[in-house]
Amino acid sequence: MSAIKMKRVLTTPALIAFGLAYMVPLGIFTTYGEVTVASNGHLPIAYVITLAMIFFTALSYCRMANKLPIAGSAYSYVQHTFGGRIGFLVGWAQILDYLFLPILNYLVLGIYLNEAFPSIPAYVFVLGSLCSVSFLNYLGIKLINSVNFTLIIIQMFFIGLFIFLTLTNVSLTPEAMIRPLAVNAGDFSGLMSGAAILCLAFLGFDAIATLAEESNDAQKSLPRAIIWTVLIAGSIFLVVSYSAHLAYPNWTDFASNKDTASLDVMRKVDSISNLKEILGKYGNDFMYNFFQSAYLTGVFASAMTAQTSVSRIFYAMGREGVLPKQIFFKIHPRFRTPYLSILFVACFSLLSLVLDLSLVVSMISFGALVAFTFVNLCVIKSYLWDIKTKTAKVLFKYGVLPAIGVLLSLWLWTSLDETAMIVGLVWLAVGFCYLVFLTKGFTKLLPSIDHHELNSIIKD
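Residues numbered from 1 in each chain as written. Predicted model: local features only at pLDDT ≥ 70, side-chain atom pairs only at ≥ 80, totals over all residues. Heavy atoms only, no water.

A. Inspection of the overall build of the protein chain at higher detail. Scanning the protein chain from terminus to terminus reveals 20 helices and zero strands. Over its C-alpha atoms the protein chain spans a radius of gyration of 22 Å, differing by no more than 12% from the 23 Å that the globule rule assigns to 460 residues. For the protein chain, the residues scored as buried account for 56% of the 460 residues in total. When contacts within the protein chain are restricted to residue pairs at least 6 apart in sequence, long-range pairs at least 24 apart make up 83% of them. When the accessible surface of the protein chain is summed, it comes to about 19000 Å², and 66% of that surface belongs to carbon and sulfur atoms. (Helix = DSSP H or I, 4+ residues; strand = E, 2+ residues; numbered from the N terminus. Rg over C-alpha atoms; globule rule 2.2 N^0.38 Å. Buried < 20%, exposed > 50% of the residue type's maximum accessible area, 1.4 Å probe, protein only. Contact = heavy atoms within 4.5 Å. Areas by Shrake-Rupley, 256 points an atom, 1.4 Å probe, with all protein chains shown as cover.)

B. How the structure looks around the environment of Ile-54. Locating Ile-54 in the fold gives a position in helix 3 (residues 43-67). Accessibility expressed as a relative area gives 3% for Ile-54, which makes it buried. Through-space distance from the C-alpha of Ile-54 to that of Leu-203 is 9.3 Å; in sequence the pair is 149 residues apart. Beyond its immediate sequence surroundings of up to four residues, Ile-54 is in contact with Cys-199, Phe-202, Phe-205, Val-230 and Phe-372.

C. The arrangement of the pattern of salt bridges in detail. According to the stated counting rule, one finds two salt bridges in the structure shown. One salt bridge connects Glu-175 with Arg-179, and the closest N-O pair in it is separated by 3.8 Å. The exposed category is assigned to Glu-175, whose relative accessible area is 58%. (Salt bridge = Lys/Arg side-chain N within 4 Å of Asp/Glu carboxyl O.)

D. Focus on the nonpolar core. In terms of nonpolar packing, the biggest core is built from 145 residues, with Phe-29, Tyr-61, Tyr-77, Phe-158, Phe-162, Phe-202 and Phe-205 touching the most fellow members. Among all residues touching Phe-29, those that are not within four sequence positions of it are Phe-162, Val-240, Ser-262, Met-266 and Phe-291. (Core = buried A, V, L, I, M, F, W, Y, C linked by side-chain atoms within 4.5 Å.)

Okay, here's the thing in structure tokens:
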């Protein structure tokens, strides 16, 4: 064990803020046009389906976070449940998710800021955000937490204003209010494909589990934070999507350019509101400009939390010796952060200067679904399979519910495009080669933390 350990400073509210920052509450508008068109104008119903699907997996994360409150999330759960070989490969797939989310955020920041300031090249914004995010992570989780609260408040203020302006300036007739919720038989296929896309909007609950060793009373605070984050984010997505449909009911207009649908909604809210009368010249395009500012701060917060999470996964893998300990199992003596892991992620994120946005999204999808599937299997193995007494309650709680999570996660695999499958399988092949050739097979990859060490981590 390392003599220097991370600081246990995160409470349940801090963990919830971390998860929400990872998810980006305004991230609903990233896929707004695509899913609205796919669901035939029923985005709120697509979110209901997604929330129901993700809830089963979130419950499994709660079970495993209570049983194994250590850094590493899905990697640690699988490694201690199914052994080092499977654990490493799941962790390797999980890295795909976490490593490329910061890259996605840097790409979005570069694209949006370059649109606002075309005279400045996009790579300048990418490098600037990358350096600032890495610096904040280097200094410590407590500072990251303070910044997260600030950026979440900005987004929440925008969301509150958006809902208020929409509901007070549109015609709330029964027909208008029912239209986004009235699903026809022919809408089912589009709703399900849209729900598969929206699943990635809830990834923040997985990120919370990586902070187990920086949480006070992790066995209680982690499960609470995971459930509350899913419920809060789901409620925000539902209310905002419903309000947006009320403000701009003619969703067929988005078919020609789905990527700008959110900006069209903001322009519509500007046109129907009375902000010009209240704010004068400052009311021109107020919501449009406010949206871009709030959205970009949210993306910046997501980049911070994503880098924090992946550095903790590397830390856990370094502790077990499946990655070089001299790099990844190092804690800064002053800031108590895995600083070399953070610097490694920063260097890898330089790929944001050359990678394509759609390719990055595909890679994130693959890694997330691998983690979801195996965490559900971990609950069945560790809570049900290894327990002799199996009552009806135990079978339902630790068998039926996680089994539903497994089936739903596997179903989502059918929605992955060909690029995602190819890139994901190639990534797993590289991991397998590393496993065989650089660690001399599987024998070194047995769990290296015994019960005494595990208890020490939990009680520390």
